[in-house]
Amino acid sequence: MHALPISNTLARRKAFGSFLGVTPALLAIGLFLIVPILIVIGYSLMEANPYGGVNKVFSSDAYTSLLFERQLDDSLAFADSYLIIALRSIGIAGLTTVITLLIGFPVAVWLAMQPAHRRGLLIFLITVPFWANLLIRTYAWILLLRNTGVINNSLMGLGLIDQPLQLLYTDGAVLLGLVYTYAPFVVLPIYATLEKMDIRLLEAAQDLYAGRWRTLVKVVLPIARPGIFAGAILTFVPCLGAMIAPELLGGGTKMMLGNLIFRQFSDARNWPFGAALSLVLMAAVMLVLTVYALRAERQRIAKGGE
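In this text, all values refer to a predicted model and were calculated from it rather than measured experimentally.

(A) Inspection of the overall build of the protein at higher detail. Regarding its fold elements, the protein presents 12 helices and four strands. Expected size for 306 residues packed as a compact globule is a radius of gyration near 19 Å; at 26 Å, the protein overshoots this value by more than 25%. Considering only C-alpha atoms, the protein reaches an extent of 85 × 70 × 35 Å along its principal axes. Expressed as a percentage of the 306 residues in the protein, the buried residues total 31%. For the protein, the accessible area works out to roughly 19200 Å², and carbon and sulfur atoms hold 69% of it. Charged side chains in the protein number 23 positive and 16 negative. The centres of these two groups are separated by 13 Å.

(B) Quick look at the environment of R70. Residue placement: R70 occurs in strand β3 (residues 68-70). The exposure class of R70 is partly exposed, given its relative accessible area of 43%. Residues R70 and T290, spaced 220 residues apart in sequence, show a C-alpha to C-alpha distance of 35 Å. If we skip the residues at most four places from it in the chain, R70 touches D61, S75 and L76.

(C) The arrangement of the pattern of salt bridges in detail. Tallied over the entire structure, the rule returns two salt bridges. Measuring nitrogen to oxygen at the nearest pair gives 3.7 Å for the salt bridge that ties D61 to R70. Between E247 and R263 there is a salt bridge, with the nearest N and O atoms lying 3.1 Å from each other. A residue pair is termed long-range when its members are at least 10 positions apart, and E247 in helix α10 (residues 244-248) and R263 in helix α11 (residues 257-265) qualify at 16 residues. Judged by its relative accessible area of 24%, E247 is partly exposed. Residue R263 is classed as partly exposed on the basis of its relative accessible area, which comes to 22%.

(D) Representation of the side chain of N259. Mapped onto the secondary structure, N259 falls in helix α11. The exposure class assigned to N259 is buried, which follows from its relative accessible area of 1%. Dropping the residues within four chain positions of it, N259 is found in contact with A242, M243, P246, E247 and K254.

(E) Structural detail: the layout of surface pockets. Considered as a void within the structure, the largest pocket measures approximately 350 Å³ in volume. Lining the largest pocket are 14 residues, and of these A86, I90, L257, V280 and A284 sit closest to its centre. Listed by contribution, the elements that provide at least two residues to the lining of the largest pocket are α3 (81-113), α9 (212-240) and α12 (271-302). Here the element with the most residues in the lining of the largest pocket is α12; it accounts for five residues. Across the lining of the largest pocket, the residue classes tally to 14 nonpolar, no polar and no charged.

(F) Inspection of the environment of I99 at higher detail. Examined against the element boundaries, I99 turns out to sit in helix α3. Residue I99 is classed as partly exposed on the basis of its relative accessible area, which comes to 25%. The spacing of I99 and M197 is 98 residues in sequence and 25 Å in space, taken between C-alpha atoms. Residue contacts for I99: discarding those within four places in its chain leaves L175 and V179.

(G) The arrangement of the environment of I228 in detail. Mapped onto the elements of the fold, I228 is located in helix α9. C-alpha of I228 to C-alpha of F58: the two residues are 170 residues apart in sequence and 44 Å apart in space. Dropping the residues within four chain positions of it, I228 is found in contact with L101, F105, I190 and L221.

Reading the values: rules and limits
- Residues numbered from 1 in each chain as written.
- Predicted model: local features only at pLDDT ≥ 70, side-chain atom pairs only at ≥ 80, totals over all residues.
- Heavy atoms only, no water.
- Helix = DSSP H or I, 4+ residues; strand = E, 2+ residues; numbered from the N terminus.
- Rg over C-alpha atoms; globule rule 2.2 N^0.38 Å.
- Buried < 20%, exposed > 50% of the residue type's maximum accessible area, 1.4 Å probe, protein only.
- Areas by Shrake-Rupley, 256 points an atom, 1.4 Å probe, with all protein chains shown as cover.
- Lys, Arg positive; Asp, Glu negative; His and termini not counted.
- Charge placed at Lys NZ, Arg CZ, Asp CG, Glu CD.
- Contact = heavy atoms within 4.5 Å.
- Salt bridge = Lys/Arg side-chain N within 4 Å of Asp/Glu carboxyl O.
- 1 Å grid on protein atoms, 1.4 Å probe; cavity = no way out; pocket = protein on both sides within 12 Å on 5 of 7 lines; lining within 4 Å.
- Points joined across faces, edges and corners; volume = space filled by probe spheres on them.
- Nonpolar A, V, L, I, M, F, W, Y, C, P; charged D, E, K, R; others polar.

What follows is the structure, given as structure tokens:
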């Protein structure tokens, strides 16, 4: 008769102990994630102070300004300037993702095919650039791409060109900087999935007269698919909010969402609009991650995973 109450008491104690175990993590998430987001939401719904900061007056103008601008007669007219910047950011982020995948996938496959004793050194060499600050690495590209930089001086010294090429402050320079920055984020997840691949699968494919290309498509690619999706997300999402490469390599003229948000808090002093842009960008990122998570869950269920 007393077994049921005792078991309920033990279950409650176990649940309470589990809750105490995750309490520090919940407090950290609330303090460093939820509270800042709530502050940003609050700022986005206030009135901008011309001298910086906000006036504690409710206003939805920040969200209205995303797609409309107010005329002299106080009417609203559609403005596509910020929409163009958003589309440019999506385009550059998407192109960066595609290029990094085209570069990173063969590199990851090659790494996975290397002897085990050599892989550690190769992975170490790939991660070496992370030891230097991103700002320093971006300035190094400026030294290479500017009119008096290494590339132009070398080409002129070889007599291939008569005057410097405009390599810096272009979309190509921004794209190059982003690809250089995020390529390791593609290589490492794909390598992590291929590292566990059973080499006997490749031998079996060869025994069945499958060529290298067919083996790559039918055996390697399906195994690497989770790493490819992970690498694509790890590249596309940060590229949407990238600021350093567009600002330095694009000269500030190749505006992306990251630059636009930064300038609202610095030059324009329009904190509510900057906060609204940040929230819209975060919502877009969350949408991408949610779609990926749902897709992965459906695939797991379809395969009968637990």
